[in-house]
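Survey of secondary and tertiary structure
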Amino acid sequence: AAAPPPEVLRERALAALLRARERTSLLTDCVDERELTAQHSPLMSPLVWDLAHIGNQEEQWLLRAVGGHDPIHPEIDPLYDAFEHPRAERPSLPLLPPAEARRYAAEVRGRALDVLERSAFRGTPLTDAGFAFGMIAQHEQQHDETMLITHQLRRGEAALTAPDPAPPPEGPELPGEVLVPAGEFTMGTSTEPWALDNERPAHRVSTGAYYLDTTPVTNGAYLRFLESGGYEDPRWWHPEGLLHLRRQQITAPLFWRREGGRWLRRRFGVTEEVPPNEPVLHVSWYEADAYARWAGRRLPTEREWEKAARHDPATGRSTRFPWGDAEPTAEHANLGQRHLRPAPAGSYPKGRSPLGVRQLIGDVWEWTSSGFDPYPGFAAFPYREYSEVFFGPEYKVLRGGSFAVDAVACRGTFRNWDYPVRRQIFSGFRTARDAAPGEGIA
Ligand code: AVJ
Ligand code: FE
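Attention in this report is confined to the structure presented alongside it. (Residues numbered from 1 in each chain as written. Chains lettered and ligands numbered in written order. Predicted model: local features only at pLDDT ≥ 70, side-chain atom pairs only at ≥ 80, totals over all residues.)

Here the focus is the overall build of the protein chain. For the protein chain, the count of helices and strands is nine helices and twelve strands. Taken over the C-alpha trace, the protein chain has a radius of gyration of 22 Å; the compact-globule value for 442 residues is 22 Å, and the two agree within 12%. Viewed in the frame of its principal axes, the protein chain has a C-alpha envelope of about 60 × 55 × 40 Å. If you take every contact in the protein chain between residues at least 6 apart in sequence, the share linking residues at least 24 apart comes to 78%. (Helix = DSSP H or I, 4+ residues; strand = E, 2+ residues; numbered from the N terminus. Rg over C-alpha atoms; globule rule 2.2 N^0.38 Å. Contact = placed C-beta atoms within 7 Å.)

So, in structure tokens, the structure goes:
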């Protein structure tokens, strides 16, 4: 397909950058200076670090690399280099105070929009199709998700609110699982203009026939595992998961507690009863893996997840999203912090895959059984520290995005990764099982 004309690319890049900044402002304007500079959890940076880091990345890529500008404040680069200082140390660094961090990010943005105005969107891999602008919009949105995690971890009254998602449409009960036939499909992409390096290149892979849950696993289902003694039974747990569980005295998903015979959870400063029909949230890979084993099932591989999300059996093509190639709308998926929670299981019928799998995009990041590996033919671009330095089995891949991620940083090929113990992230899962011999063979 021919690249869209420059005015379309410019419009697209501008909209993505503006939307990201609107969200960043919302996340950083709703708390006071003390809260911006405080460390709400050793797992997270102070919000004011994310803010200036967003500006610093934008300066490095849009102003220096694309625009050829000299550095504005070269001396602050090391402060905002995620590899120089672990998150727990960041509050003790001489960070820009809130007003200066805001001013810096705004100054960079002003100049970046001038670079965008003059860009021809071709000539170098960074500028082709506006890649660098798309990458920076995605980077900011990823940090907006990170900042939302910080909001979830912070104590005190709610600083953010959003309307709840609509209840799922009435209709016949959905089948619990969907059969995905055996065979090849195209995984990854060589054509998605703003796909990041780890999503590339497109390559053919094959799977056996398997069953995949129609929706993510719900709180209600997870509670049956928990209440049947699932956390005490070593049969269900990966040995390292069991050790971690005992050391950390983990007995339920993060933010849950039991009170007066009811399960409650804290969500953005409000305590509420755990809703049974909503996808389970804030579980580690170990918890997801244990649930699946208890249920007589397993986590899907990354390949199985992507095949369910992209393979159209009617055409043999891989689409950008489960519903086709069109950009997500509010009718397709729960994305972009429009709601501050996952939507009930069975929501978004317009977002279903050709085989009928629901809610693959948005709601909760879905753990897969796979480690984070490069695709055959992978080339780091534009910097090794985005993906390459993380490749290996110690990270597990998550797919599909959550309610907290914007559409610009979410698609059928998008890959996220984290340690298997992590659960402050907006993580959930669905389960799979092999089909019986003869099932799902064309
Ligand atoms: C892809 C979500 C794992 O937050 O560490 C942000 C994204 N990379 N800045 C992260 C990222 C550089 C990354 N994850
Ligand atoms: Fe970053």
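Right, let's get into the packing of helix H1 (residues 6-29) against helix H5 (residues 131-153). Look at H1 against H5: their axes get within 9 Å of each other, and the N-to-C directions meet at 20°. In terms of orientation, H1 lies roughly parallel with respect to H5. Handedness of the crossing formed by H1 with H5: left-handed. Taking contact as the criterion, the partners of Ala-13, Ala-16, Leu-17, Ala-20, Arg-23, Thr-24 and Leu-27 in H1 are, on H5, Phe-133, Gly-134, Ala-137, Glu-140, Gln-141, Asp-144, Met-147, Leu-148 and His-151. Taken together, the residues that form the contact of H1 with H5 break down as nine nonpolar, four polar and three charged. (Axes fitted to C-alpha atoms, helices over the stretch in contact; angles between N-to-C directions. Parallel < 35°, antiparallel > 145°, perpendicular 65-115°, else oblique. Left-handed = near helix turned anticlockwise from the far one by under 90°. Nonpolar A, V, L, I, M, F, W, Y, C, P; charged D, E, K, R; others polar.)

What follows is about the site of ligand 1. By nearness alone, every residue bordering ligand 1 is listed as His-139, Gln-142, Thr-146, Tyr-386, Asn-416 and Trp-417. When residues of the shell around ligand 1 are traced back to their parent elements, those giving at least two are H5 and strand E10 (415-418). Top contributing element to the shell around ligand 1 by residue count: H5, with three residues. A breakdown of the residues in the shell around ligand 1 according to their chemical character gives two nonpolar, four polar and no charged. (Near = placed C-beta within 6 Å.)

A few words on unusual backbone geometry. Cis geometry is found at the peptide bond from Arg-200 to Pro-201, where omega equals -15°. With respect to the helices, strands and loops of the structure, Pro-201 is situated in the loop between strand E2 (183-187) and strand E3 (203-207). Residue Pro-382 follows Phe-381 across a cis peptide bond; omega there is -5°. Within the fold, Pro-382 resides in the loop between strand E8 (365-372) and strand E9 (392-399). In this model, Tyr-348 sits at a positive phi of 55°, which is unusual for a non-glycine residue. Tracing the backbone shows Tyr-348 in the loop between helix H9 (302-310) and E8. A positive phi angle is found at Asp-363, which is not glycine, with a value near 70°. With respect to the helices and strands, the residue Asp-363 is situated in the loop between H9 and E8.

Taken together, the three strands give an open sheet; going across it, the order is E1-E4-E12, and neighbouring strands pair in antiparallel fashion. In the strand order of this sheet, the two ends are held by strand E1 (177-180) and strand E12 (432-434), each with one partner. On average, each strand axis in the sheet is tilted by 25° relative to the strand beside it, whichever way the strands run. Both strand E4 (residues 210-213) and E12 contribute to a ladder of three bridges, which runs antiparallel. By the bridge assignment, Tyr-210 is partnered in E12 with Asp-434. Lying on the sheet, H9 is in contact with E1, E4 and E12; it crosses E4 at an angle near 75°. (Pairing = 2+ DSSP bridges.)

Before going further, it helps to examine the sheet that holds strand E7 (residues 270-273). With antiparallel pairing, three strands are arranged side by side in an open sheet as E5-E6-E7. Looking along the sheet, the strands with just one partner apiece sit at the ends: strand E5 (256-259) and E7. This sheet shows a mean twist of 35° between the axes of neighbouring strands, independent of strand direction.

Below, the discussion takes up the nonpolar core. In this structure, Val-48, Ala-52, Leu-62, Ala-132, Phe-133, Ala-288 and Tyr-291 are the most contacted members of the largest nonpolar core, which totals 93 residues. Broken down by element, this core gets its largest block of residues, ten residues, from helix H3 (residues 47-66). Apart from residues lying up to four places away in sequence, Val-48 is in contact with Leu-36, Thr-37, Leu-95, Pro-98 and Ala-101. (Core = buried A, V, L, I, M, F, W, Y, C linked by C-beta atoms within 7 Å. Buried ≥ 20, exposed ≤ 12 C-beta atoms within 10 Å, placed from the backbone.)

Taken by themselves, the reported measurements are silent on function.
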